[in-house]
Every structure is written in C-alpha cells, then in structure tokens.
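Results of the structural survey
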Amino acid sequence: MPLGLRLLRDGPVADAHHLLLLSSKTLRTTDAVRSREAAVQASLAAWSAGDREGYLAALDALHPPDGSPPTDLLDGSPPTHPRDGSRPAHPQDRTPPTYPPDGSSPARDPLPADAEGPVDAFWRAYSDGMRSVLHGDLEHAASLLRPVLNVLSTRHQPSRLLSAGTIALILGDLVTARQALGQALAIARSEAVPTLLPRILEHLAYAELRAGRHHQARVHAEAGLEAAAEHPQRNVTAGLSAVLALAASIAGDPAAVAAHAQAALSTAHAHGLSQVRTLAEWARARADLGHGNAEHAAARLAPLVGGGPRQGHFGLRMMVVPCYVEAAVLAGHDIDTHPDMEPLLGQYARWASLGADPQAPAIVLRCRALLAGDEDSEALFTSALAEHEKVDSPYEHARTHLAYGMWLRRRRRPGEARAQLRSAVMGFEHCGADVWTQQADAELRAAGETPTTAPSPASGTQPLPQLTPQQLRIAHSVAQGATNREVARQLSISTRTVEYHLRNIFTQLGVRSRVALARRLEP
C-alpha cells in the first residue's frame, strides 16, 4: 500500500488505483481498517484518472455488496472526490462516526438501526449515494448523502470537514460547501496540519469558482501552491494550477492562463490526471472566448464534450457544455450542420434538472435562447434572467445579461441593449471578471453609451474620436492581426460589414494598409 499512496500523490494515478485496490482486497480478511483505507484511496485515484468503472470497483471494495468484511472497527470518514466528487479525507484518527448530538439516527437513514452497526450504515449510505451520483439519480443520492454530510459536519476535524464540503459540492449546495471547507481551513491552520492544507485550499478555491467568486478562488489557490511547495505533491499542485488557470481565464490575463494551464497539463499528461486535464483545457477555452476567439474556444471544447480518447472527465463534462454551445454560436457555426448540438444540450438540461448545480437551470435557458430563432429567443432570455434571480450567481447572471444585450443590439434595439449591458458590466466587475467587463463595456460603447472602463495602456486601445465605437473595435482587431472573417465572427456581423467599416477607417485615418493601421494605433 505505501507505494500506491506515494503514486497517488506524485505519480501515475492509474498505477496507484490498481495497487491500492489490490491492497484492499488482500487485506480484507486480515486487517479490515487498512483494507477500507486502501479502498478509499483507490476511489480517489480512479476519480482523478476519469476511470468510472475503476471508481465503482473501489466503492464495491469500500462496502462490498455481500456485506463483508466486519466493519465495527472501520474508519468513519468517507473519501472526497474533487469538484463533483473530491479527495479522500486524510486517514488520521479512526474514531467511528457519531450521529447527531441528540442521539437520533440521521434523517432518512437507508437501513434500520438494528440492521447493522452505525459505522457500517454510514459507509453503506456513502457508497450507495456515490453510486447513485454516477448513475445520474441525484435525488436518491441526496437522500443517502445528506445524513453522511450532517454526521461529518458535527466533527470539528479538518479531514471530516473536507469530506463534508466536497459532498456538499456534489449535491450543489455551494453555501454549505464553502462553510465546511472554510472551517476545515481554519482548523488545519490552527492545528498545523501541513499535508492537508493544499487539498483543502484546492477544494475551497474550486467552490469559490463555482460560486462566481473569482478573486477569492485565486487567493486560495495561490495559498495552496505555497503550502504544497513545502510538501511536494505534484498531483495536488497540478490541480491547484488548473484552478488558477480557470480563475485567470475570467480575470483576463492570457499569459497567466497559459502558464498555469501548461503547469497543470505537464503533470496531467504524465500522470494520467483526466480531471486536471479537463479543467486546464476548459480554462484555455474560456480565455479564448473572453478575448473574442470563439473559433479557438469551440475547437478546444468540442473533444471534451464529445466522445473519443480526448473526452472530458465524466464528472466535469456537463459543466463544459454551455461554454461550448456559446463558443459555437459566436463562431458562426451552422447549428444545422451540428446534429449533436441539440442532443448535447438536452443532456445538459437533464443534468441541470437533477439539482447538482443551482445555476444550471438559468444557463440551460440562455443556451436555448442562443440556439433559438428570433421568435423564441427573447422569451428564453427573459426566463433565464428570472431564474438567475433565484440563486447567487453573479458571473453567470452577468453572462446572460451580456448575451441578451448583444442579441438586442444586433436587432437594432440599442436602448434596451444598453440596459442589459450595463447590468453585465456591473455584474462582471462585482466578481472580478475583468476580461468580460471589457467585452461588455465594448458592447455598451457600440450601443451608443460612454465607456465605463478606461482603456488599458498596455492594450494599445487609445481613443480615436473620429471613429465610431464599432469602427474602433474593428480597427483594433485588424491591427492585432485578425482577418476580416475573424473580426466578423468576434463581433457577430457579416464580413461585408467589416469590409465596409474598414474602408471608412482607412479613409478617416489616412492609411492605406493594415500595417499602417497597426502603426497608427500604437501607443
């Protein structure tokens, strides 16, 4: 087992899974506690590798269907599996779980109290709940995992609270997840548990991302990397780098996205970290989309949401779908030539209805609005905004305001567009999504409003009063090397319109070529 644990932290996770599962089976009749510990670690390895069947095999080893081995001495904290499922609690104290302080059984305990001991009931609930998650029955999963979460939340130990927080992430309860993980972090710091700190910070950073709090996510992920440097764990470091890449993709720093994503992917490819690879590629695509490169974003995301060897992690694939739909629409893809688009969105809608992500119902409606005809889009955008009001999701709420505002502006309704675009700017500013703030502000200027953000000196976007807001956007895109077709896709206009504006830009600025235009726009 020691080699398997070492590989889990710092080597190929598929190898770790096989070794740990073998250890669990070997120890089953001689050391029940270590057998279950090995199964816990094997489940983590399988999840990190994106090995669905391997994960189910680890759950079977954790609580075999035949009811063996005897479990009255087994450890009482479940594994945690990152994001949709998180990493296992550190195997330190082995005190069995206790029920609520009043001594009653957890609500909806799957087995009567006299059927088996409390530890066995606890593990059966956890194993069956996670099987239900993988099979898409989140309602049944919640009935089993809520009592497990409640038990863990009463234990003021960082490993237990880490487990509680990540189970809450599975159930889409972001408030509880952030509370539990925040408590785990505070206790781990006060009790000086250095090996656990990077993992807690990784999950807390991801929970902040899910909640649209990108500044906090970046701070926690950076602290995680600092903590990991003291106790090298390359696989955890890769996960933290992927989270930082996602945070940077919203903040609008392409160099940071590239650096963090590359750091994550170098380990992910070598160690078979499917989850880390999916997050890093998603971050790259979000950066492309935020900077107007919808074609590149769609190309990156298509393999993740499709089938084949480059398919995304089974626990993250659905979360990537909305980004792919938006990228494909903005890239000008003919949806009629993509017969997989509607079925894919249908899968996402079914996943959203399960409640694993409180923001998902609104995002489904936004995606449907992007794909619908003019006669249906407006009602869908309005419904999406109404759904956003039910949950605290500033980033996705702002994304819907932006999409609706762009839709209105392109239908020559600038007054209505400005109202939506102002809300988008304020929403993006609230959650630190700088690149999207700039995009929304550019749309607002194109709709006829005075800029709300100052141009960045490094961007070369000095104002040119003789050009309209739309002409400014075209001029700067061309100066940066974009073709007319690429500019058209970025701005959702026709190539002919770009050519018309470009002729007027050349005339007004007194230049005759793209090279001269680029020089004219230099700071």
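Refer to the preceding data block for the structure.
Residues numbered from 1 in each chain as written. Predicted model: local features only at pLDDT ≥ 70, side-chain atom pairs only at ≥ 80, totals over all residues. Heavy atoms only, no water.

1. Regarding the overall build of the protein chain
To be explicit about the condition: The numbering of helices and of strands both runs from the N terminus, where a helix is a DSSP run of H or I of at least 4 residues and a strand a run of E of at least 2. Any residue under 20% of the maximum accessible area for its type is buried, any over 50% is exposed, and the rest in between are partly exposed; the area is computed with a 1.4 Å probe on protein chains only. Here, residues are in contact when the closest pair of their heavy atoms is within 4.5 Å.
When helices and strands are tallied, the protein chain shows 25 helices and zero strands. The buried share of the protein chain, taken over its 523 residues, is 56%. For the protein chain, the share of sequence-separated contacts (at least 6 apart) that also reach a separation of at least 24 residues comes to 62%.

2. Topic: unusual backbone geometry
Non-glycine residue R412 carries a positive phi angle of around 55°. Examined against the element boundaries, R412 turns out to sit in the loop between α19 (394-409) and α20 (414-430). We classify R412 as exposed; its relative accessible area is 76%.

3. Re the pattern of salt bridges
Short version of the rule: For salt bridges, the criterion is a side-chain nitrogen of Lys or Arg within 4 Å of an Asp or Glu carboxyl oxygen.
A complete count under the given rule lists 20 salt bridges for this structure. A salt bridge links E281 to R300; the nearest nitrogen and oxygen atoms lie 3.8 Å apart. Within this pair, whereas E281 is found in helix α13 (residues 274-290), its partner R300 is found in helix α14 (residues 294-305), the two being separated by 19 residues in sequence. Judged by its relative accessible area of 29%, R300 falls in the partly exposed class. The partner of E326 in a salt bridge is R399, with the nearest N and O atoms 2.4 Å apart.

4. Considering the packing of α13 against helix α15 (residues 317-330)
The following threshold applies: Here an angle of 0 to 180 degrees is reported between the N-to-C directions of two axes, which are lines fitted to C-alpha atoms, with helices fitted over the stretch in contact. Each angle gets one of four labels, with under 35 degrees taken as roughly parallel, over 145 as roughly antiparallel, 65 to 115 as roughly perpendicular, and the rest as oblique. Helix crossings get a hand from a simple test, with the near helix turned counterclockwise from the far one by less than a right angle marking a left-handed crossing and a clockwise turn marking a right-handed one.
Where α13 contacts α15, the two axes come as close as 11 Å, and the packing angle between them is 30°. Overall, the two elements α13 and α15 adopt an arrangement that is roughly parallel. As for how α13 packs across α15, the hand of that crossing is left-handed. Counting all contacts with α13, which are made through T278, W282, R286 and L289, the residues of α15 involved are M319, V320, C323, E326, A327 and L330.

5. A closer look at empty space enclosed by the protein
Keep this limit in mind: Put plainly, a pocket is an open set of points on a 1 Å grid over the protein atoms alone with protein on both sides within 12 Å along at least five of seven lines, a cavity is a set where a 1.4 Å probe fits but cannot get out, and a lining residue has an atom within 4 Å of a point. Grid points are joined across faces, edges and corners, and a volume is the space filled by probe spheres set on the points. Classification used: nonpolar for Ala, Val, Leu, Ile, Met, Phe, Trp, Tyr, Cys and Pro, charged for Asp, Glu, Lys and Arg, polar for all others including Gly.
Considering all chains together, one arrives at five cavities of 30 Å³ or more under this definition. Taken as a whole, the largest cavity encloses approximately 330 Å³ of empty space. Elements that contribute at least two residues to the lining of the largest cavity include exactly α9 (197-210), α13, α15, α17 (360-371) and α19. Here the lining of the largest cavity is composed, by residue class, of eleven nonpolar, three polar and six charged.

6. Things to note about the side chain of E326
When you line up the elements, E326 lands in helix α15. Residues contacting E326, with those up to four places away along its chain left out, are L289, R366, L370 and R399.

7. Observations regarding the nonpolar core
To keep it simple, the criterion reads: Only buried Ala, Val, Leu, Ile, Met, Phe, Trp, Tyr and Cys residues count toward a nonpolar core, and they belong to the same one when joined by side-chain atoms within 4.5 Å.
By size, the foremost hydrophobic cluster in this structure holds 142 residues, and its most contacted members are Y126, M130, L145, Y348, F428 and W436. No other element matches α15, which puts ten residues into this core. Beyond its immediate sequence surroundings of up to four residues, Y348 is in contact with M318, V321, P322, A360, I363 and V364.

8. Description of the environment of R411
The cut-off we apply is this: We define a polar contact as two N or O atoms separated by no more than 3.5 Å, with the added condition that, inside protein, one atom must be a possible hydrogen donor and the other a possible acceptor, whereas residues neighbouring each other in sequence contribute only through side-chain atom pairs.
Relative to the assigned elements, R411 resides in the loop between α19 and α20. Taking C-alpha positions, R411 is 9.4 Å from D374, a pair spaced 37 residues apart along the chain. Separated by 3.0 Å, the side chain of R411 and the backbone oxygen of W407 make a polar contact.

9. Remarks on α13
Rule in force here: Expected span of a helix, by definition, is 1.5 Å for each gap between consecutive residues, and there is one gap fewer than residues.
Its 17 residues give α13 an end-to-end C-alpha distance of 24 Å, which sits within 8% of 24 Å, the value for a rise of 1.5 Å per residue. Among the 17 residues that make up α13, 17 are buried, leaving the element largely enclosed by the rest of the structure. G292 lies just past α13 and shows a positive phi near 85°.

10. Details of the packing of aromatic side chains
Given two aromatic rings, one states the distance between the centres and the angle between the planes to describe the pair. Rules: A pair of Phe, Tyr and Trp rings is counted when the ring centres sit within 6.5 Å of each other, with Trp represented by its six-membered ring. The angle between the planes then sorts it: under 30 degrees is stacked, over 60 is edge-to-face, the rest tilted. Geometrically, a charge over a ring is one whose NZ (Lys) or CZ (Arg) sits within 6 Å of the ring centre while staying within 35 degrees of the ring normal.
Across all of its chains, the model carries ten aromatic pairs by this definition. Judged by centre distance (5.2 Å) and plane angle (70°), the rings of W47 and Y55 are edge-to-face. Taking relative accessible area as the criterion, W47 reaches 2% and is therefore assigned buried. Pairwise contacts between aromatic rings join W47, Y55 and F314 into one cluster. The ring of W282 carries the charged tip of R286 above its face, separated from the ring centre by 5.2 Å. Positioned above the aromatic ring of W436, the side-chain terminus of R399 is 4.3 Å from the ring centre.

11. A look at the side chain of Q439
Note on placement: Q439 falls in helix α21 (residues 434-446). Using a relative accessible area of 15% as the deciding quantity, one classes Q439 as buried. Within the structure, the side chain of Q439 is placed 2.9 Å from the backbone oxygen of G290, a separation counted as a polar contact. Not counting the four nearest positions on each side in its chain, Q439 is found in contact with L289, G290, G292 and L402.

12. A few points about helix α6 (residues 138-153)
Going by this rule: Note on bend: at a given residue it equals the angle between the axes fitted to the 7 residues ending there and to the 7 starting there.
At L145, α6 shows its largest bend, some 30°, and a proline, P147, comes one to four positions later. Among the residues making up α6, those that are buried are L138, A141, S143, L144, L145, P147, V148, L149, V151 and L152. Where α6 is buried, its residues meet α5 (118-134), α7 (158-170) and α8 (174-190).

13. Overview of the packing of α19 against α20
In helix packing, the relevant descriptors are the interaxial angle and the interaxial distance, both defined with respect to the helix axes. Between α19 and α20, whose axes approach to 8 Å, the crossing angle comes to 155°. With respect to each other, α19 and α20 are oriented roughly antiparallel. Considering the relative orientation of α19 and α20, their crossing is left-handed. Between α19 and α20, the residues in contact are P394, Y395, A398, R399, H401, L402, Y404, G405, M406, L408 and R409 and E416, A417, Q420, L421, S423, A424, G427, F428 and H430, respectively. Its residues placed into classes, the contact of α19 with α20 shows eleven nonpolar, six polar and three charged.

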